[in-house]
Amino acid sequence: MNGCKVHYMGLEERIHAFVDMVYPDRIKVGDAPDFFVDDGQTVLIIEHFAFDCYRATSKGSAHRRELARIQRKEDSIEATEEGVIIHDVINGKPSYQDYIRNVVRSFNEHYNQIDNYITNLKRLGAITDNKQVRTAFLIEDTSPIGSIVLRREGNNVELEPVCLAFCKEFLDVLRNSPKLDFVLACASKENVWLIDCHDLQEYYDHSIDYASMDFVTTPPQVIAGMMLVPNEKLKE
C-alpha cells in the first residue's frame, strides 16, 4: 500500500490490525492464494483479481480485446528514424451494469476457492491449528479511464468515480460471504478503500445509487510513439 491513501470506515481496531500485518517484508508471494502474511499468530490470506466496466463474453473483456488489437497494430508498424505516431480508440461501451456483473463474477470465482487456499497453506505448513486465519481480497478496477458517473445536483454536474465501498449491489455480496474478512478495493492511488466485511452497516449508510446516474462512456484515446535509433548514434 506504499504511495496509496487508504480510506476506511468502521471499527478502527480491526482496520489497524490489518494494516499492521501487511508490511511489505512480511508479504509472501504464492500461488492460490496469490499472497499471504504470517505474524506468528494469524495468517492473512490475500487474493488479487482485476475487473473493468466493459462487457465480457466467453472471449474475455471487450476492453482487454481492444488492448490486444491495438498492441497487434503497434507490433505491425515498423519504426523509422523520423518517428511514427500511432493513434487509436478503445472501442466499446462501458456501463455500471457491466461493472457490477464483472466484479461479482470474479468475486464468486475466487470466493469459491477460499477453502482450497486454506488447504494449500496447511500443506505448506503456514497454517497450523494454533493460528487464526483471516482472508482478504485485493480487487483492482482496471478500466482505462476509471469507472465514472455524473452526479447531478440542480444545475451542477460533477464527475464522480465509482467506488466498490459504496455500491449497494457489491455490499450485498459481501454481506452474504462469511468466509471473507476484508476487501481492499483499488480504483486509483487516491481511491483505495479497506472494507471490514464484519462492519458493513456504515458503508450501507453511505451507499450511493450509482445505477440511477449517467455512466461516462467517452472512448479512451490511445497515443503511442516509436523511433528507430541507428546503432552508430547509440555509440555517440
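Residues numbered from 1 in each chain as written. Predicted model: local features only at pLDDT ≥ 70, side-chain atom pairs only at ≥ 80, totals over all residues. Heavy atoms only, no water.

1. Focus: empty space enclosed by the protein
Move 1: Per the counting criterion, the structure on display carries two cavities of 30 Å³ or more.
Move 2: There is about 70 Å³ of room inside the largest cavity.
Move 3: Lining the largest cavity are F51, Y99, I139, D141, V162, C163, L164, A185, C186, A187 and N191.
Move 4: Elements with a minimum of two residues in the lining of the largest cavity: β8 (132-141) and β11 (182-188).
Move 5: By residue number, the principal contributor to the lining of the largest cavity is β11, which donates three residues.
Move 6: The volume enclosed by the second largest cavity comes to roughly 40 Å³.
Move 7: Looking at the second largest cavity, the residues that line it are C53, Y54, P94, S143, P144, I145, G146, F215, V216 and T218. (1 Å grid on protein atoms, 1.4 Å probe; cavity = no way out; pocket = protein on both sides within 12 Å on 5 of 7 lines; lining within 4 Å. Points joined across faces, edges and corners; volume = space filled by probe spheres on them. Helix = DSSP H or I, 4+ residues; strand = E, 2+ residues; numbered from the N terminus.)

2. Points about the packing of aromatic side chains
Move 1: Going through the model one piece at a time under the given rule, you end up with eleven aromatic pairs.
Move 2: Ring centres of Y96 and Y99 lie 5.9 Å apart, and the angle between their planes is 15°; this geometry places the pair in the stacked category. Of the two residues, Y96 and Y99 both sit in helix α3 (residues 96-111), three residues apart, roughly one turn of that helix.
Move 3: Among the residues examined, Y99 registers a relative accessible area of 1% and is labelled buried.
Move 4: Measuring from centroid to centroid gives 5.8 Å for F107 and Y111, while their planes differ by 10°, and the two rings are stacked. Of the two residues, F107 and Y111 are both situated in helix α3; the distance of four residues between them amounts to about one turn of the helix. In terms of burial, F107 and Y111 fall into one category: buried. (Phe/Tyr/Trp six-rings, centres within 6.5 Å; stacked < 30°, edge-to-face > 60°. Buried < 20%, exposed > 50% of the residue type's maximum accessible area, 1.4 Å probe, protein only.)

3. A short note on the sheet that holds β11
Move 1: As summarised here, the arrangement of the seven strands in space is β1-β12-β11-β8-β4-β3-β2, forming an open sheet in which the pairing is mixed. In the strand order of this sheet, the two ends are held by β1 (6-7) and β2 (27-29), each with one partner.
Move 2: Sheet analysis places β11 next to strand β12 (residues 191-196), joined by six bridges and oriented antiparallel. Note on β12: the bridge partner recorded for F182 is D196.
Move 3: Each of β3 (35-38), β4 (42-51), β8, β11 and β12 is contacted by helix α1 (residues 12-21), which is oriented at about 115° to β12, the strand it contacts most. (Pairing = 2+ DSSP bridges. Contact = heavy atoms within 4.5 Å. Axes fitted to C-alpha atoms, helices over the stretch in contact; angles between N-to-C directions.)

4. A look at the sheet that holds strand β9 (residues 148-153)
Move 1: Spatially, three strands are ordered β10-β9-β13 in an open sheet, and the strand pairing comes out antiparallel. Two strands bound the open sheet, and with one partner strand each, they are β10 (156-161) and β13 (214-215).
Move 2: Here β9 runs beside β10; their pairing, made up of six bridges, is antiparallel. Across the sheet, residue L150 finds its bridge partner in β10, namely L159.

5. Some thoughts on the pairing of β9
Move 1: The hairpin formed by β9 and β10 contains two residues between the paired strands, and G154 there has a positive phi angle of roughly 65°.
Move 2: Summarising the sheet, β9 and β13 pair through two bridges and their orientation is antiparallel. Paired with L150 across the bridge in β13 is D214.

6. Examining the nonpolar core
Move 1: The biggest cluster of nonpolar side chains holds 49 residues, and the ones touching the most others in it are F107, I139, L174 and Y210.
Move 2: Among the elements that line this core, the one with the most residues is α3, at seven residues.
Move 3: When sequence neighbours within four positions are dropped, the list of residues in contact with I139 reads F49, F51, V103, F107, L164, F170, V183, L184, A185 and C186.
Move 4: Counting residues in hydrophobic clusters, the runner-up holds 13 residues, among them M21, V22, I46 and A136. (Core = buried A, V, L, I, M, F, W, Y, C linked by side-chain atoms within 4.5 Å.)

7. Here we look at the layout of surface pockets
Move 1: Of the pockets and cavities examined, the second largest pocket occupies roughly 210 Å³.
Move 2: Lining the second largest pocket, in full, are E13, R14, A17, F18, M21, D39, Q41, T42, L44, Q132, R134 and F182.
Move 3: Broken down by secondary-structure element, the contributors of at least two residues to the lining of the second largest pocket are α1, β4 and β8.
Move 4: Ranked by the residues each element gives to the lining of the second largest pocket, the list is headed by α1, at five residues.

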